[in-house]
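Residue strings, one per chain:
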Amino acid sequence: MKRLFAIILDAILGSAVTSMILLIIVPELTGLSVAPLLVIPATIAWIAAATFGGASIGQLFVSSKTERPLPNGLRSHMGWIAFCSSIVAGWIVTDISPIEFFSGEGLKGAGRIFGALFTPEFDVLGAALDAMVVTVFTALMATIVAVPMSFVLSFAAARNVMTGGTHERVFYVLLRALLNIMRSMEPIIWAIIFSVWVGIGPFAGMLALVVHTIASLTKQYSEQIEDVNHGPLEAVSATGAKRLQVLWFAIVPQCVIPFLSFTIYRWDINVRMATIIGFVGGGGIGTLLTQYQGLAKYNEVGTLVILITLVVWMLDVISARVREALR
Amino acid sequence: MSLLSVRNLSHTYPNGYKALDDISFSVEPGEFLVIIGLSGSGKSTLLRCLNRLIEPTHGTITMNGQDVTHVSDAALRSHRAGIGMIFQHFNLIPRHSVVKNVLYGTLGSTPTLASILGRFSSEQHQRAMEALDVVGIAEKADVRADALSGGQQQRVAIARALMQNPNLLLADEPVASLDPATSHSVMDYLERINKDLGTTVICNLHFLSLVRRYATRVIALKGGRMVFDGQPIEITDAWFRTIYGEEAMEVEIR
């Protein structure tokens, strides 16, 4: 079984290397549909090598070092071969093409778009500012709506709070899993979902950000809660306080400042995300940007890009300053 | 009748470590009981079992004739509310003012919502100031707790415990993070509370000189078992080596 696994791994990695070498030698093959066929002879060659020659990359992964130390020669370099072949495989699947990058026509296109971006058309500035205001407020509203929910949920997502028996433990695990799933789904996907649900516009964008913000802030908040000094918890419990009082008087005062800091940073992140979300129907400056980009009006796009950069940079500076002051 | 009675108390931590092994003793009202023993001998665990910050694995604890080992949440809270506790690291809420910290001693008898909204009665405020007066730092009432020195913080913690009008005061190594002079000042306040207010005190201590000076009775733990129960004067060199090991040398704090 292990042997088979090793051979399969060899086949995959080996064929990648072989294909790469061939492609470097004969770059014209890149554009041809026969390129994938190269994989077949490469695979056969590597299976042969693994079976008869003992040159196995796969064995690097399936056999432990103590079991069998790698001998000299080819085998001792298997790690490097695996690493290089990954780069090679990556080169192929990403369609990396220096020829395209430096081709005369390509460079001309780049010159055109950069030229347009650096000669912005300021007629759109009014509309752009309006849209920017929408984006900033979308992010702000998403943050404001998400904060109270995250605050409440974070206690249920903190290991040191959920100590009341099996049912709390189960709830904690389920909540953590749900939050991880919510966080793993990029806001842009949530934006697509909500733009169908409530229609294209800032509201859909806000909802998408709310979901992602709840997931992210709850995680950050709860990690902060898990980090609090246990002493005040004991002291407040010892006065005969109820659980809610213990949370409020022993945990919250220790967390307020970090929570504020996380929240401001999250708003900052949300402004950037709100821009991206606009591309898929989340409203604001992102939507405006896709519109002008679709019309190939790159001078107008230039104005929007400058405005976005300015606002994001400003917010970044402000939020960094505020967080610094809070520390 | 004894104020507190502990019968066959054992505690085993989830990792299997047996911190307390079959401890039995009674405490009479008005005693100043000191528990001694090496670090890890179970002193802190024992103290925390008494107000059930740590759940005993076996045995019973009876306070004022009532078994408090197997009681509901509400009864447990009222049991805790009757016992003040102070800690080695004071455990104040650092960002809050001194007087607020003292008011938190009344949480057990204040409705949740009122307390969260910060609505403590004027009577409670008045008692908080009186408690601060007892420990001599009423003038610091509006200062943030973390702006105080260690000894001052421990006095605020004592004031917080006094707000509970406790029958019993637990002190878990109250002077272990303080310098010698401050240690005596804090111990003096505990003694005054014990003598003037008649509050029973159970206190974990490290220094035998302090034990001899303040205790009316001493219990010694070793490896989770009780190895001594008697008067401070009875702790001879032989007992000292039994409790702290053959290699031990007494260090004094004056």
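About the cut-offs
- Residues numbered from 1 in each chain as written.
- Chains lettered and ligands numbered in written order.
- Predicted model: local features only at pLDDT ≥ 70, side-chain atom pairs only at ≥ 80, totals over all residues.
- Heavy atoms only, no water.
- Helix = DSSP H or I, 4+ residues; strand = E, 2+ residues; numbered from the N terminus.
- Buried < 20%, exposed > 50% of the residue type's maximum accessible area, 1.4 Å probe, protein only.
- Contact = heavy atoms within 4.5 Å.
- Areas by Shrake-Rupley, 256 points an atom, 1.4 Å probe, with all protein chains shown as cover.
- Salt bridge = Lys/Arg side-chain N within 4 Å of Asp/Glu carboxyl O.
- Polar contact = N/O pair within 3.5 Å; in protein donor to acceptor, adjacent residues only side chain to side chain.
- Nonpolar A, V, L, I, M, F, W, Y, C, P; charged D, E, K, R; others polar.
- Patch = residues over 30% accessible without salt bridge, like charges linked within 9 Å, V, L, I, M, F, W, Y side chains within 5 Å.
- Pairing = 2+ DSSP bridges.
- Arc of directions from axis to C-beta.
- Core = buried A, V, L, I, M, F, W, Y, C linked by side-chain atoms within 4.5 Å.
- Expected span 1.5 Å × (residues − 1).

Engineer: Looking at this structure, I do not really get the overall build of chain B. What am I missing?
Structural biologist: A tally of regular secondary structure across chain B gives 9 helices and 10 strands. With respect to the three principal axes, the spread of C-alpha positions in chain B is 55 × 45 × 35 Å. The proportion of buried residues among the 254 residues of chain B is 54%. Put simply, of all contacts in chain B between residues at least 6 apart along the chain, 69% involve residues at least 24 apart. Counting only carbon and sulfur atoms, one obtains 50% of the accessible surface of chain B, whose full area is about 10,900 Å².

Engineer: When you look at the environment of L208 of chain B in this model, what are you seeing that I'm missing?
Structural biologist: Residues and elements named next belong to chain B. Mapped onto the elements, L208 comes out in helix α8 (residues 208-214). Separated by 43 residues in sequence, L208 and V251 have C-alpha atoms that sit 8.0 Å apart. Those residues within four positions of L208 in sequence are excluded, and the remaining contacts are I36, I235, F240, Y244 and E250.

Engineer: Please clarify how the interface of chain A and chain B should be interpreted in this entry.
Structural biologist: Think of interface size as the accessible area that goes away when the parts come together; that is how it is often given. Contact residues are listed per partner, giving 18 residues for chain A and 25 residues for chain B. Here chain A is connected to chain B by 1 salt bridge. Between the two partners, chain A and chain B, sit 5 residue pairs in polar contact (both at pLDDT 80 or more). Taken together, the residues of the side of chain A that touches chain B sort by class into 11 nonpolar, 5 polar and 2 charged.

Engineer: Looking at this structure, how should I read a nonpolar patch on the surface?
Structural biologist: All names here are of chain A. Nonpolar side chains collect at one region of the surface, where F122, L125, L129, I306, L310, W313, M314, V317, I318 and V322 lie side by side and expose about 880 Å² of accessible area between them. Listing elements by their share of the nonpolar patch, those giving two or more residues are α7 (125-156) and α14 (298-326). The element that contributes the greatest number of residues to the nonpolar patch is α14, accounting for 7 residues. Locating I318 in the fold gives a position in helix α14.

Engineer: It is not clear to me how the sheet that holds strand β1 (residues 4-12) of chain B should be interpreted in this structure. Could you clarify?
Structural biologist: Across a sheet, strands are paired by hydrogen bonds formed along the backbone, either parallel or antiparallel in direction. Residue and element names in this part refer to chain B. Taking strand neighbours across the sheet as the criterion, the 4 strands line up as β2-β1-β4-β5 in an open arrangement whose pairing is antiparallel. The open sheet has two edge strands with one neighbour each: β2 (18-27) and β5 (66-67). In this sheet, β5 lies alongside strand β4 (residues 58-63) in antiparallel orientation, the contact comprising 2 bridges. Of the residues in β5, the one forming a bridge with M63 is Q66.

Engineer: So what exactly am I meant to see when it comes to helix α9 (residues 187-197) of chain A here?
Structural biologist: Three or four residues apart is the spacing at which side chains of an α-helix point the same way, because the helix has 3.6 residues per turn. Residues and elements named next belong to chain A. Residues of α9 that are buried: P187, W190, A191, F194 and S195. Angular distribution of buried residues about the axis of α9 spans 135°; they occupy a single face of the element. Among the structural elements, α8 (166-184), α10 (202-226) and α12 (243-282) are those in contact with the buried residues of α9. G199 occupies a position one or two residues after α9 and carries a positive phi of about 90°.

Engineer: Honestly, the nonpolar core in this entry has me stumped. Any pointers?
Structural biologist: Soluble globular proteins tend to pack their nonpolar side chains together in the buried interior. Grouped together as the largest cluster of nonpolar side chains are 71 residues, with contacts concentrated most on I251 of chain A together with I36, I158 and M187 of chain B. Sort the elements by how many residues they give to this core and α12 of chain A lands first, with 8 residues. Those residues within four positions of I251 of chain A in sequence are excluded, and the remaining contacts are F155, V161, I225, V228, L233 and V246 of chain A. Core analysis: the next-biggest nonpolar cluster, separate from the first, contains 43 residues, A146, M206, L289 and V312 of chain A among them.

Engineer: Whenever I open this one, the pattern of salt bridges confuses me. Can you help?
Structural biologist: A side chain of one charge can pair with a side chain of the opposite charge if their charged atoms are brought near each other. Taken as a whole and assessed by the stated rule, the structure comprises 17 salt bridges over all chains. Linking R243 of chain A and E168 of chain A is a salt bridge whose minimum nitrogen-to-oxygen distance equals 2.7 Å. Placement of R243 of chain A in helix α12 and of E168 of chain A in helix α8 is noted, with a sequence separation of 75 residues between them. Salt bridges here are not isolated pairs; linked through shared partners, they connect D188, E191, K195 and R213 of chain B.

Engineer: Quick question: what am I supposed to make of the side chain of T200 of chain B here?
Structural biologist: Residues and elements named next belong to chain B. In this structure, T200 sits in strand β8 (residues 200-204). Engagement of the side chain of T200 in a polar contact is seen with the backbone nitrogen of G30, the distance being 3.0 Å. When neighbours within four sequence positions are excluded, T200 is seen to be in contact with L3, V27, E28, P29, G30, E31, N167, L168, L169 and N194.

Engineer: Help me out: how do you make sense of α14 of chain A in this one?
Structural biologist: The terminal C-alpha atoms of α14 of chain A lie 41 Å apart, and with 29 residues this matches the ideal 42 Å at 1.5 Å per residue to within 8%. Buried residues along α14 of chain A sit against α6 (104-118), α7, α12 and α13 (284-294) of chain A.

Engineer: Explain the pairing of β1 of chain B here, please?
Structural biologist: Residues in a regular strand project their side chains so that they alternate between the two faces of the sheet. All names here are of chain B. The sheet contact formed by β1 and β2 spans 6 bridges and is antiparallel. Across the sheet, V6 pairs through a bridge with F25, a residue of β2. Where β1 folds back onto β2 in an antiparallel hairpin, the turn is made up of 5 residues, including G16, whose phi is positive at roughly 95°. Strand direction decides the pairing type here: β1 and β4, joined by 5 bridges, are antiparallel. Residue pairing across strands places V6 opposite I61, the latter belonging to β4.

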